[in-house]
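# Report on the structure
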Amino acid sequence: MKAEMDKIVSLSLGENTAELQKYLSSLTNDQLISVITNSALKGKKVGTTIKGIFKGSPPNSTEGSNRRLLVYEHCIPLCESGELQTEVAADIIGLLMLETHTLSGSSLAQLASLFVDAIKVGKMGSGKSLELFPTVLTALAACEALAYGKGELSGEEYKKQLINSLCSSRDVPLSSDELQFLVEKVLRMFTKLDLQEIPPLVYQLLLLSAKGCKKQVLDGIINYFKEQDVQQEEESLDLEVQSIPQDQLRHVEGTAILHIVFAVRLDHELGREFLKSFKTSYVDLCPFSVALLLSVARIQRYEEQVFDLLKGAIIKSFKDEQLQQGSKFLQDLLTGHCSVAQMILDTVKNSVFGWDHVTQGLVQLGFFLLDTFGPKPGPFGKSTEGSATVARTPTQQACKLGGQVLLQSFKMHEPIRGEILEQVLNRLVTKTASPVNHYLDLFSDIVVSAPMILLESSSKVTETFDHMSYLPLATVQGLLKAVQPLLKISMSLKDALILVLRKAMFSSQLDGRKSAVTGFLLLLKNFKVLGSLASSQCSQAISSSQIQVDVHSRYNSAANEAFCLEILSSLRRCLGQQADVRLMLYEGFYDVLRRNSQLASSIMQTLFSQLRRYYEPEQDLLPPVKLEPCITAHGDQIYLQEPLAHLVSCTVHCLMWLQNMRQSAQRNADNSDEEDEEEEEGYQSDLQAILESMTRRMIKSELEDFELDKSAEFSLGSSVGVKNNIYAVLVMGVYEVLMEYNFVKANYSKSCFEELIELFSRYHKLSEILKEKSGKGRVPSHKTPRSLLSMGFTSTLVTVLFRDTTQSREEALSVLRSNGEFVRYTVSVVVQKIQQLEETGHTDGPDGQSTDRTFRFLCDMTSVLMWRYTNIPSVVEEAGKKEKRSSLSQLCLEGLLRIFTTCQQRYPDKMAQLLSAMGDAEQDNGTEINYFYIRQFQRALFTQLTGAEEDFNSKEAQLLVSILSVLSRQLKPSSQQFVQMITWTVKICKETSFEDAAFSKGLLSLLFNLHVLYKSPVSLLLELCQDIHSQLGDIDQVHKNNCYQLLVLSQVDRVLDEVDWLIARKKSQTATQTAGQQDAVEKAVTVQLGTLLTALNELVQTALLPGTCTITLLRELSRTYTILTTLVKYYIQVCTSQHGALPTRFEKLVKLSGTHLTPQCYSFITYAQRCVLAKLLRETKAIPNLIFSIEQYEKYLITLTKKSKVNLMQYMKLSTSRDFRINAATLDAALQEQDASQETTESQDTEETQEPKQKKRKQ
């Protein structure tokens, strides 16, 4: 064989190729194979031999081509046999790779099949020759046509068939390492393949996962699609052509999801592995994995797990976001936030590309979130959260997300609309015990987004109407408001509603009748009679949450008028029902009149006839109103039957509005319908006469005329007392309404204002009696009845009292201004109105429901209150200080605080507008205006603090601090003004030495709230703890009082929360840093804890007040040690996985805890046992918990010492706080006594008296 080899080598080195070809042709295939085998085994000249064979085998001849194929077919198994040296095998494969492109198509196909078969039967021993396989496939793909079966395939198609055949080789026995290698290799190939080739590969990978590597397969697939989504998003921001069309990517994702779900159905182990990967952290979630989770949720056994997992991820994401937003320390440390809510909304958006298997999960998720995180019923079934507030807490945000998911799904997917609508309406009907605001908001949004689609399901809405008389009133109001746009475009729906309302009018349930009134009033407001004033003249257009669907052409005006008059006649029946029903009617008539002025005659006639029932027409008789018919008795109980004051109020407001309209109409048009005018003038003049007569006679009436003098009984325990209370509230209400009417009618005439003051003096007298009498009862807190003055009038009145400088009005206004009680009453009503707005989002009386008008009044009030507070110094009001009530300035401040708080809650976007309406600031920029007012309030507070301590008004100072706190929220933490605000607050805190607990607490709260948005407050805490220590002295000294330790401890808690969160976050992430290197988070955690330990070290040496302060400190110490233990566990985990050295900072922290804090803790425990009540200590278990925490910390330090080979225990001293402890001082005293007496009996007595003391101290 050696001769043949030498011959081939020598001929190949020569120039005569023809001779080489002739010689090779003379050799048989077996001889050729033997030559190659021998030279390969000896490792000599094998490369030259093979090169010679290739040189003498031209690829364009059949013989040469076959010979080349023979070499390949022999060399591949030879390299896999393991008999060759590694270098020799590598050389052979290298040579073969160089010549692959010369092989013919059929040869390449044979060669590829050889590889596939070898892989399938597991003959690829070393896998060395597999390096050749990609080269063969690449060359194969370049072929134009190949014979396949009975037909032909292109090289590319043939390659795909081979890969498919190879990938489905699930029967190949593979070790776990080989399987892992294969999976990694295939996953790496994903990015190189065409998008359409991904689903079959995913399918094959999932089949392969039955053998193992389940987590790796799932993670690889999810990460691939995650990267594709990110790339898609980045490309969508560029205007260039996208590399992958979005719809194509989404369809491929949809197919992949189907494959995975199918695999999970068959392999529950795969399902468990899939869910496990998301249980630890939500950071790994992405829109694709959310869609996948929702699809998996369709499998019954995983449904509950998936929704619990998503619920946890959503709420944790919102909580983390809130934590990061509230702390500058965390914002600087961690950039960005992974929002699960955004991922879910992206999934909804992506599902439009035919992801039917995801949509059902989305609907379930939406309702799951609404049901789980919706507002909960408070005490007595009342809602604890108003619907008008912005979603602030994580729970509210999660609930809002549920609504968004359902609304978007409703818009995008037609098949699920019916189901969403049905489920929303079902919940409105069935959840009568808990608030349903979130469902009403969703239903309203659905109506707005798709009113015509909703009409297709109008039967479901009609069905809901049938249950209306059994639903709570708030639900009915929300439902009717939401459905209002539909009534204008659907006759059948409107007719169905009217039928239901008519039935409800005769319901045995009070709520049912109230619902009927609500519904009828709503219809009256929204079905205009032709000739009514245009909505531009009405101040209250359809609220922005409804659509403006204006199709009056569908109904003629005569039908509308007949329809409205018919409703009015139904409503008149309500005037004989309970007070609550009548009250609703009186509160609704004004809005109806404003929207449908053609109904004026009918409404005014109704009110007029009702008023006459209670009006005493005989002019000489006092009082002018009959109070007897206003109440009714049921057994021993007395009830209000007619809310007379509200009736008069409604009549007055309707009358004044009509007069205004008439005056403006007369100015605009001279000729009008005289008959109507005469009729209007008839009842208007009658009403005016009645009101004037009432005013005159109410002034003349004494309290005795109403049987309400000082001798009357007002206790709520007796029926007479209840009756008198009802009478008093009615009479006070009538006085208020008449005051408003007379002010408007007076047109700044002095005599009329004098009458007004007369009315007020009667009102005030009765109010004082009521306060005095109710104060004598066992329950002294008397709630002032809600004022019947309208918001608009209150705003006007307070403005003219303080800001009106018109010369012609001076004399008349001096009548009002000179009456201090009247001025005070006006400001207190302003505060009351703002409070109502803050709590409920609206106020009583006209315009109370209109947000725009209410806001305008709010702006006017703010301006006046601010002027009054800043321009009239408190010194002027010294007289008021002697009385036990707030000064006017203080009332103004309270009003301003409530206004700013209300604005932030109800009108978050309009704060700058409110401040600029105050008019004093010259700046245009919102932040500048805000800071201008902050400076004004700072000056006011500084004035308070620089005065003498006896002049210091604590309540006013607290209000100023609260206002500064609210206004500072409008500043951006990065702005210069914010830094100035902090500097000022720190200066004030340092310089103020007033011993006022509430004020100090408020000021420190402000300081911490500002500081936490600027930088971490630990350094500030340390300063404060040192200050407390210096103020109170050591635990072995006499202690003084101090007020802010609890607040400081609550801030310690906040810092611990952040540190705990950071450690948990680090533990959940795979440690990526190299051994010995400390990353930013670890460093920050160590520094925070180090400063905190120093601060706590100051506190544990301080003689804190026995009681809550001491117990709270013990709890905080316990928590600090628990978090130190968590950090130690984290480093144990790091040392186990990386075998790295511990950071020196951490060692210093351990040293600090062992040498400084722990010994002091034990001293503090002794102090606590001596000072705090034993019962309190027993109940709270604070001391055993602290000792346990310290011991746990030391236990894990021992473990870490072993793992890291660093002796951390050298800093720890043996603890002494145990049940049995020798008290050195007591022992010395006993020994001295024993020496002095030298009597055994006495020494025994001493021991006996000592023993109970020791027992008593066992905790």
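Only a predicted model underlies this, so the values are computations on that prediction, with no experimental measurement involved.

About the criteria used
- Residues numbered from 1 in each chain as written.
- Predicted model: local features only at pLDDT ≥ 70, side-chain atom pairs only at ≥ 80, totals over all residues.
- Heavy atoms only, no water.
- Helix = DSSP H or I, 4+ residues; strand = E, 2+ residues; numbered from the N terminus.
- Buried < 20%, exposed > 50% of the residue type's maximum accessible area, 1.4 Å probe, protein only.
- Contact = heavy atoms within 4.5 Å.
- Pairing = 2+ DSSP bridges.
- Polar contact = N/O pair within 3.5 Å; in protein donor to acceptor, adjacent residues only side chain to side chain.
- Expected span 1.5 Å × (residues − 1).
- Bend = angle between axes of the 7 residues up to and from the residue.
- Salt bridge = Lys/Arg side-chain N within 4 Å of Asp/Glu carboxyl O.
- Phe/Tyr/Trp six-rings, centres within 6.5 Å; stacked < 30°, edge-to-face > 60°.
- Core = buried A, V, L, I, M, F, W, Y, C linked by side-chain atoms within 4.5 Å.
- Patch = residues over 30% accessible without salt bridge, like charges linked within 9 Å, V, L, I, M, F, W, Y side chains within 5 Å.
- Areas by Shrake-Rupley, 256 points an atom, 1.4 Å probe, with all protein chains shown as cover.
- pLDDT = per-residue confidence, 0-100.
- Disulfide = S-S within 2.5 Å.
- Lys, Arg positive; Asp, Glu negative; His and termini not counted.
- Charge placed at Lys NZ, Arg CZ, Asp CG, Glu CD.
- Axes fitted to C-alpha atoms, helices over the stretch in contact; angles between N-to-C directions.
- Parallel < 35°, antiparallel > 145°, perpendicular 65-115°, else oblique.
- Nonpolar A, V, L, I, M, F, W, Y, C, P; charged D, E, K, R; others polar.
- Left-handed = near helix turned anticlockwise from the far one by under 90°.

## A word on the overall build of the chain
Counting its regular elements, the chain contains 54 helices and four strands. Expressed as a percentage of its 1259 residues, the buried residues of the chain come to 50%. By sequence separation, contacts in the chain at least 24 residues apart represent 74% of the contacts at least 6 residues apart.

## Points about the pairing of strand 3 (residues 631–634)
Note that strand 3 and strand 4 (residues 637–640) share four bridges and pair antiparallel. Residue pairing across strands places Ile 631 opposite Leu 640, the latter belonging to strand 4. Between strand 3 and strand 4, which pair antiparallel and follow one another directly, the connecting turn spans two residues, one of which, Gly 635, has a positive phi of 70 degrees.

## Focus: the side chain of Arg 762
By secondary structure assignment, the location of Arg 762 is in helix 34 (residues 750–775). A distance of 3.1 Å separates a polar atom in the side chain of Arg 762 from the backbone oxygen of Ser 701. Among residues more than four places away in sequence, those in contact with Arg 762 are Met 698, Ile 699, Ser 701, Glu 702 and Tyr 735.

## Details of helix 25 (residues 473–487)
In an α-helix there are 3.6 residues to a turn, and that puts residues three or four apart on one side. The first and last C-alpha atoms of helix 25 sit 20 Å apart over 15 residues, in line with the 21 Å expected at 1.5 Å per residue. Of all bends in helix 25, the biggest is about 30 degrees, found at Lys 481, and the proline Pro 485 comes one to four residues later. Along helix 25, the residues that are buried comprise Leu 473, Thr 475, Val 476, Leu 479, Leu 480, Ala 482, Val 483, Gln 484, Pro 485, Leu 486 and Leu 487.

## Quick word on the pattern of salt bridges
Here the structure, examined in full by the defined rule, presents 28 salt bridges. Arg 502 is the salt-bridge partner of Glu 566, the closest N and O atoms lying 1.8 Å from each other. Remark: Arg 502 occurs in helix 26 (residues 491–505) and Glu 566 occurs in helix 28 (residues 557–572); sequence separation between them is 64 residues. What you see here is one network of salt bridges that share partners, running through Asp 229, Arg 250 and Glu 253.

## With respect to helix 19 (residues 356–373)
Under the 1.5 Å per step criterion, the end-to-end length of helix 19 is 26 Å for 18 residues, consistent within 8% with the ideal 26 Å. Those residues of helix 19 lying buried are His 357, Val 358, Thr 359, Gly 361, Leu 362, Val 363, Leu 365, Gly 366, Phe 367, Leu 369, Leu 370 and Phe 373.

## Observations concerning the packing of aromatic side chains
Ring pairs (aromatic) are described by centroid distance and by the angle formed between their planes. Evaluation of the coordinates by the stated rule reveals 22 aromatic pairs. Summarising the aromatic geometry, the rings of Phe 932 and Tyr 933 are spaced 5.0 Å apart at their centres and angled 85 degrees between planes, so their arrangement reads as edge-to-face. Pairing Tyr 1121 with Tyr 1193 gives two aromatic rings, centres 5.7 Å apart and planes at 55 degrees, and the pair type is tilted. Placement of the pair is Tyr 1121 in helix 49 (residues 1108–1138) and Tyr 1193 in helix 52 (residues 1182–1204), with a sequence separation of 72 residues. The exposure class assigned to Tyr 1121 is buried, which follows from its relative accessible area of 0%. A residue is classified by how much of its surface remains accessible, and Tyr 1193, at 1% relative accessible area, is buried. Taken together, the ring pairs connect Phe 190, Tyr 224, Phe 225 and Phe 288 into an aromatic cluster.

## Focus: the nonpolar core
What tends to happen in soluble globular proteins is that the nonpolar side chains get buried as a cluster. Counting residues in each nonpolar core, the largest one holds 268 residues, and the members touching the most others are Phe 443, Phe 900 and Phe 937. Counting residues per element, this core draws most heavily on helix 33 (residues 719–746), which supplies 14 residues. Beyond its immediate chain neighbours, meaning those up to four positions away, Phe 443 contacts Leu 421, Val 424, Leu 425, Leu 454, Val 461, Leu 479, Ala 482 and Val 483. In this structure, Leu 1092, Phe 1164, Ile 1165 and Met 1212 belong to the second largest nonpolar core, which totals 72 residues.

## Details of the environment of Asn 1207
Here Asn 1207 shows up in the loop between helix 52 and helix 53 (1224–1237). Residue class for Asn 1207 comes out partly exposed when judged on its relative accessible area of 41%. Sequence separation between Asn 1207 and Glu 1147 is 60 residues; the distance between their C-alpha atoms is 9.5 Å.

## Quick word on a nonpolar patch on the surface
The grouping of Tyr 203, Phe 262 and Leu 266 at the surface amounts to a nonpolar patch, some 320 Å² of accessible area in total. Look at Tyr 203 and you get partly exposed, because its relative accessible area is 32%.

## A look at the confidence of the model for the chain
Within the chain, residue pLDDT values average 80, and 85% of them lie at 70 or more. Considering only residues more than four positions removed or in separate chains, one finds that residues 384–388, a stretch of pLDDT under 50, has nine contacts. Note that pLDDT drops below 50 for residues 534–555; the model gives that stretch 46 contacts with residues more than four away or on any other chain.

## What to know about the state of the cysteines
This model, assessed by the stated rule, comprises zero disulfides. Its sulfur unpaired, Cys 650 is 4.1 Å from the next cysteine sulfur, which belongs to Cys 654.

## Let's talk about a negative patch on the surface
Together, Glu 949, Glu 950, Asp 951 and Glu 995 make up a region of like negative charge exposed at the surface. By secondary structure assignment, the location of Glu 995 is in the loop between helix 44 (976–991) and helix 45 (997–1011).

## What to know about the side chain of Gln 944
Looking at where Gln 944 falls in the secondary structure, it is placed in helix 42 (residues 926–946). One polar contact links Gln 944 to Glu 956, side chain to side chain, over a distance of 3.3 Å. Contacts of Gln 944, omitting those with residues within four sequence positions, involve Asp 951, Phe 952, Asn 953, Glu 956, Leu 960 and Phe 994.

## Topic: the packing of helix 15 (residues 287–296) against helix 19
For the pair helix 15 and helix 19, the least separation of the axes is 8 Å and the interaxial angle reads 85 degrees. It follows that helix 15 is roughly perpendicular to helix 19 by the angle criterion. In contact with Ala 291, Leu 294 and Ser 295 of helix 15, helix 19 contributes His 357, Val 358, Gly 361, Leu 362 and Leu 365. Within the contact of helix 15 with helix 19, the residues separate by chemical class into five nonpolar, three polar and no charged.

## Some details on the packing of helix 5 (residues 62–80) against helix 7 (residues 105–121)
Where helix 5 contacts helix 7, the two axes come as close as 10 Å, and the packing angle between them is 10 degrees. With respect to helix 7, the element helix 5 is oriented roughly parallel. The interaxial crossing formed by helix 5 with helix 7 has right-handed handedness. Contacts from Ser 65, Leu 69, Tyr 72, Glu 73 and Ile 76 in helix 5 reach Ser 107, Gln 110, Leu 111, Leu 114 and Phe 115 in helix 7. Of the residues in the contact of helix 5 with helix 7, the class split is six nonpolar, three polar and one charged.

## A word on unusual backbone geometry
For the bond running from Leu 622 to Pro 623, omega is -10 degrees, close enough to zero to count as cis. Note on placement: Pro 623 falls in the loop between helix 30 (600–614) and strand 3. Unusually for a residue other than glycine, Asn 747 sits at a positive phi of about 55 degrees. Relative to the assigned elements, Asn 747 resides in the loop between helix 33 and helix 34.

## A short note on the environment of His 467
Secondary-structure assignment places His 467 in the loop between helix 24 (458–466) and helix 25. His 467 sits 45 residues away from Gly 512 along the chain, and the two C-alpha atoms are 9.9 Å apart.

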